[in-house]
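# Report on the structure
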Amino acid sequence: MKYLLLVALAMMTISTTSFARSKNMYADVLVTNISPADDALWKRKETAPPLYPIELARSGLQGCTVLSFDISESGKTKNIEAIQSIPHKNLGKYSRKMLKKWKWIPVTTAGETKTEKRTLRLDFCLGDQSPEQTLQRCQQQTQLACNSN
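Residues numbered from 1 in each chain as written. Predicted model: local features only at pLDDT ≥ 70, side-chain atom pairs only at ≥ 80, totals over all residues. Heavy atoms only, no water.

## Some thoughts on the state of the cysteines
Two cysteines, two sulfur atoms, one covalent bond between them: this is a disulfide. Cut-off, in case you're wondering: The definition used for a disulfide is geometric: two cysteine sulfur atoms within 2.5 Å. Numbering of helices and strands runs from the N terminus, with a helix taken as a DSSP run of H or I at least four residues long and a strand as a DSSP run of E at least two residues long. Type-normalised accessible area, obtained with a 1.4 Å probe on protein chains alone, sets the label of each residue: buried when under 20%, exposed when over 50%, and partly exposed for intermediate values.
This structure, assessed with the given rule, holds two disulfides. The disulfide partner of Cys125 is Cys138, and the S-S distance across this bridge is 2.2 Å. On the sign convention where negative means left-handed, the S-S torsion of about 85° between Cys125 and Cys138 marks this disulfide as right-handed. On the criterion of sequence distance, the pair formed by Cys125 in strand 6 (residues 116-127) and Cys138 in helix 4 (residues 131-141) is long-range, its members being 13 residues apart. Of the residues examined, Cys138 reaches a relative accessible area of 0% and is grouped as buried. What links to what in the protein: the bonded cysteines, counted in sequence order, pair as 1-4, 2-3.

Quick look at the structure:
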């Protein structure tokens, strides 16, 4: 009886794993500047959307993170703090790692560069129909509050 139960469990695991591998998943990360909303001193050097962390995609984790950080005079990200991560703190952990790698360039070339305090929101969205459907879902998510209240 135990042997039969073990075989049945193994068959279910194999079929579930095969199904998960054959299913297409699309991922999107949207960046929304919270402050400064206008007149920012720095802009991201890389204009392409950030890549969805593979560990988060594999676990199916979606949600949002609000981050506060400084951009130094040399264009490096410093003092990163995850203010809020919904629904799980891992979003904040991966968001900080992602943000730490970003490079910044001054918006204008006139004058000296200054440190800037920034707050931004990252929305992590997954979908299984198309990249367009995933982007639309993410754009809708940005309209929701990113807090646990």
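The discussion continues.
## Concerning the confidence of the model for the protein
Test applied: A residue's pLDDT is the confidence the predictor assigns to it, expressed on a 0 to 100 scale. Residues count as neighbours in contact if any of their non-hydrogen atoms are within 4.5 Å of one another.
Predicted confidence across the protein gives a mean pLDDT of 81, with 83% of residues reaching 70 or more. Long-range and interchain partners of residues 1-22, a stretch whose pLDDT sits below 50, account for zero contacts in this model, where long-range means more than four residues apart.

## Overview of helix 4
Going by this rule: Throughout, the arc means that of the directions going from the helix axis to the C-beta atoms.
Listed as buried for helix 4 are Gln133, Thr134, Cys138 and Gln141. Along the axis of helix 4, the buried positions cluster into a sector of 135°, meaning they face one direction only. Away from its buried face by more than 90 degrees, helix 4 exposes Glu132 and Gln140. Contacts from the buried residues of helix 4 go to strand 1 (26-35), strand 3 (63-71) and strand 6.

## A look at the pattern of salt bridges
Short version of the rule: Any carboxyl oxygen of Asp or Glu within 4 Å of a side-chain nitrogen of Lys or Arg constitutes a salt bridge here.
Applying the stated criterion to the full structure yields three salt bridges. Put simply, Arg121 and Asp123 hold a salt bridge, and the shortest N to O gap is 2.7 Å.

## Points about a positive patch on the surface
The line we're drawing: Patches were defined on residues exceeding 30% relative accessible area and lacking a salt bridge, with like-charge contacts within 9 Å and nonpolar side-chain contacts (Val, Leu, Ile, Met, Phe, Trp, Tyr) within 5 Å. All accessibility values rest on the Shrake-Rupley procedure with a 1.4 Å probe; residue burial counts only the protein chains present in the view. The sign given to each residue is positive for Lys and Arg and negative for Asp and Glu; His and the chain ends receive no count. By convention, the point assigned to a charge is CZ for Arg, NZ for Lys, CD for Glu and CG for Asp.
The grouping of Lys45, Lys76, Lys78, Lys100 and Lys103 at the surface amounts to a positive patch. Assignment of secondary structure puts Lys45 in the loop between strand 2 (42-44) and helix 2 (54-59). Lys45 gets classed as exposed once you look at its relative accessible area, which sits at 56%.

## Brief notes about the packing of aromatic side chains
The line we're drawing: Aromatic pairing here means that ring centres of Phe, Tyr or Trp (its six-membered ring) are within 6.5 Å. Orientation follows from the plane angle: under 30 degrees is stacked, over 60 is edge-to-face, and everything else is tilted.
For the structure on display, the rule yields three aromatic pairs. Site record: aromatic cluster; members linked through ring pairs are Phe69, Trp102 and Trp104.

## Points about the sheet that holds strand 3
Quick reminder of the rule: Pairing between strands is defined by DSSP: at least two bridges between them are needed. To obtain an axis, a line is fitted to C-alpha atoms, over the contacting stretch when the element is a helix, and the angle between two such axes runs from 0 to 180 degrees between their N-to-C directions.
Taken in spatial order, the four strands of this open sheet run 1-6-3-4, and their pairing is antiparallel. Each edge of the open sheet carries a strand with a single partner, namely strand 1 and strand 4 (77-86). Strand after strand, the sheet turns through a mean of 25° between neighbouring axes, direction not considered. Across nine bridges, strand 1 lies against strand 6 in antiparallel orientation. When the sheet's bridge partners are listed, Val31 is paired in strand 6 with Leu122. Sheet strands touched by helix 3 (residues 89-100): strand 3, strand 4 and strand 6. Its angle to strand 4, the strand with the most contacts, is close to 155°. Here helix 4 sits on the sheet in contact with strand 1, strand 3 and strand 6, set at roughly 135° to strand 6.

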